[in-house]
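Coordinate analysis (summary)
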Amino acid sequence: MKRRTFSAVGSDSVTVAVPRRGRVLLATLSACAFGFAHPAAAAPLQPIEFSEAVHNLGYIDLYVAQHAKLFEKYGLTVHLSAAGGDTQAFAAVLGKTAQFAVGDPTMVEMSRERGGPGMVVGTLVQRAHYFGVSKTVARITDPKAFKGLTLVTSPDPNTEYSVTKKLLQDNGLKVGTDAKIVEVTPGTEIGAMLAGHADIAFAQQPMVAAAMAQGAKVVFDFSSYMGPFCNTGIMVLPEYAKAHPEVVQSLVNALEEAARLTYAKPDYAKEVARAEFPDLPADVVNKAIDMELQYKIPAQTLPVDRQQWDKLISMQKYLGNVQGTLSYNDVIDNTFSNKAVKTAVADAGVTVAGSK
């Protein structure tokens, strides 16, 4: 009798010896318990190309949806690829090499202001998910203390750069004179700081936890400084949504369930995160998820909150990236996400985020 490993949602992996008939029964019961079972004669899954700005644990809801097979539950099979930045992710949608993208939703505002297409159908990250880490600087409580420091971020116009620039300007610091920003390829920020090329690196998870494991400390976090904020949106072309509303609804349904599952089953979220970043130590990845949930960074529910959206656009208008001439309803379509909320609430297989 061979030994097989089974991993249940919300539990640690355990190795048990199970007869073949028992394995079939166990798999069936597990699938039913979490709503993952499919009809015997299910229709073929709809293939979807999905572009993410950068592979990071702010997007844990997306990875939970994949690993828990929630996309398959709703009739989709999603191929995920990292684009290398917010602009590149949205460009994949504009170029129709991807049906959906996640990244800074300012890209849609910029496109629409210039007469182009785009719409935002949900939120994936509900706070600015950037932490300042350093091996030489003490905790900063007054942003004016950034004066004289060199900071490293991903390049303009990525959100990481935008929030850093706005932080400095809001506190009377001129970029390039009072404080310097070094722009590097997304995902390499902590390397520049550890190599001594910057005093502080602003980065995402799990790179923040990786820097902490190498002796760095969190000296500033944007999630607390800015509060709830539409950091990352789910972007699609209006023409695609009009032609394939059932696909958009299915994708949003899956992500809404995943958001709730992330918060309801943090151990499972850690299991997924470890699978997504297998080259990092397990304790580093676990720490990253603990911080993501502690600071309530991943979306707990998908509808785009008007105040969070206004905060994003106000910042981008201040920086000169957008004119801010469009209304909330010109860019945001919560029709799908609002329906997904009702579906998820009625689904006994997924616990609502934050509930006991």
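As a reminder, the structure under discussion sits directly above these lines.
Below: a short report on this structure. Please read all numbers here as calculations on a predicted model, not as lab measurements.

Focus on the nonpolar core
Counting 112 residues, the largest nonpolar core has Leu-62, Phe-100, Phe-146, Leu-251 and Trp-309 as its most contacted members. Sort the elements by how many residues they give to this core and helix H11 (residues 245–264) lands first, with 10 residues.

Digging into the side chain of Gln-316
Its location among the elements puts Gln-316 in helix H14 (residues 306–319). Of the polar contacts made by the side chain of Gln-316, one reaches the side chain of Thr-106; its length is 3.2 Å. Aside from chain neighbours lying at most four places away, what touches Gln-316 is Asp-104, Thr-106, Ser-162, Asn-321 and Val-322.

A short note on the pattern of salt bridges
With the rule as written, the count across this model stands at six salt bridges. For Lys-73, the salt bridge goes to Glu-257, with nearest N and O atoms at 3.1 Å. One end of the pair, Lys-73, is in helix H3 (residues 70–73); the other, Glu-257, is in helix H11, and 184 residues separate them in sequence. A residue is classified by how much of its surface remains accessible, and Lys-73, at 21% relative accessible area, is partly exposed. In this structure Glu-257 comes out as buried when scored by relative accessible area, which is 0%. A salt bridge links Lys-270 to Asp-290; its shortest N-O distance comes to 2.8 Å. One end of the pair, Lys-270, is in helix H12 (residues 266–276); the other, Asp-290, is in helix H13 (residues 282–294), with 20 residues separating them in the sequence. Accessibility expressed as a relative area gives 15% for Lys-270, which makes it buried.

Remarks on the sheet that holds strand S7 (residues 131–134)
The strand order S9-S8-S10-S7-S11 describes an open sheet built from five strands, whose pairing is mixed. Unpaired on one side and paired on the other, strand S9 (180–183) and strand S11 (217–221) mark the two borders of the sheet. Between one strand and the next, the sheet's axes are offset by a mean angle of 30°, whatever the strand orientation.

Overview of the sheet that holds strand S3 (residues 46–52)
With mixed pairing, five strands are arranged side by side in an open sheet as S4-S3-S5-S12-S6. Looking at which strands have only one partner, the edges of the open sheet turn out to be strand S4 (76–82) and strand S6 (119–127). Direction aside, neighbouring strands of the sheet carry axes that sit 25° apart on average. Where S3 lies against S4, seven bridges are found, and the strand directions are parallel.

Re helix H6 (residues 159–170)
Over its 12 residues, H6 runs 16 Å from end to end, which matches the ideal 16 Å to within 8%, given 1.5 Å per residue. For H6, the tally of buried residues reaches nine of 12 residues, placing the bulk of the element in the interior. Three or more residues of H6 are buried, namely Thr-159, Glu-160, Tyr-161, Ser-162, Val-163, Thr-164, Lys-166, Leu-167 and Leu-168. A positive phi of about 75° marks Gly-172, the residue just after H6.

Description of the pairing of S6
With respect to burial, S6 is a largely interior element, nine of its nine residues being buried. As defined by bridge partners, S6 adjoins strand S12 (residues 228–236) across six bridges and the pair is classed as antiparallel. When the bridges of S12 are listed, Val-125 appears paired with Thr-232.

Quick word on the packing of aromatic side chains
Counted according to the given criterion, the structure contains nine aromatic pairs. Ring centres 6.2 Å apart and planes at 20° place the aromatic pair Phe-50 and Phe-100 in the stacked group. With Phe-50 in strand S3 and Phe-100 in strand S5 (residues 100–103), this pair connects stretches of sequence that are 50 residues apart. For Phe-50, a relative accessible area of 1% puts it in the buried group. Take Phe-100: its relative accessible area is 0%, and that puts it in the buried class. With a centroid separation of 5.1 Å and an interplanar angle of 75°, the aromatic rings of Phe-131 and Tyr-295 are classed as edge-to-face. Here Phe-131 is found in strand S7, whereas its partner Tyr-295 is found in the loop between H13 and H14, with 164 residues between them in sequence. A residue is classified by how much of its surface remains accessible, and Phe-131, at 0% relative accessible area, is buried. Judged by its relative accessible area of 18%, Tyr-295 is buried. Joined through ring pairs, the aromatic side chains of Phe-146, Phe-202, Phe-220, Phe-222 and Tyr-225 make up one cluster.

What counts and what doesn't
Counting of residues starts from 1 at the beginning of each chain's written sequence and follows it residue by residue. In keeping with the predicted nature of the model, local features appear solely for residues at pLDDT of at least 70, side-chain atom pairs appear and are counted solely at 80 or more, and the whole-chain, interface and lining totals rest on all residues. As a rule here, side-chain values cover all heavy atoms of the structure and leave hydrogens and water aside. The definition of a nonpolar core used throughout is a set of buried Ala, Val, Leu, Ile, Met, Phe, Trp, Tyr and Cys residues joined through side-chain atoms within 4.5 Å. Partly exposed describes any residue whose relative accessible area lies between the buried limit of under 20% and the exposed limit of over 50%, with all areas from a 1.4 Å probe on protein chains only and scaled to the type maximum. In DSSP terms, a helix is any run of H or I states spanning at least four residues, a strand is any run of E spanning at least two, and both are numbered starting from the N terminus. Counting of polar contacts relies on pairs of N or O atoms within 3.5 Å, with two restrictions inside protein: one atom must be capable of donating a hydrogen and the other of accepting it, and residues adjacent in sequence are counted only when both atoms are side-chain atoms. Two residues form a contact once any of their heavy atoms are found within 4.5 Å. When a carboxyl oxygen of Asp or Glu lies within 4 Å of a side-chain nitrogen of Lys or Arg, that pair is called a salt bridge. Strands pair, by our definition, only if DSSP identifies at least two bridges between them. Interaxial angle, 0 to 180 degrees, is taken between N-to-C directions of lines fitted to C-alpha atoms, where a helix line uses only the stretch in contact. For a helix, the expected span equals 1.5 Å multiplied by the residue count minus one. For Phe, Tyr and Trp, where Trp contributes only its six-membered ring, two rings pair if their centres lie within 6.5 Å, and the inter-plane angle classes them as stacked under 30 degrees, edge-to-face over 60, or tilted in between.

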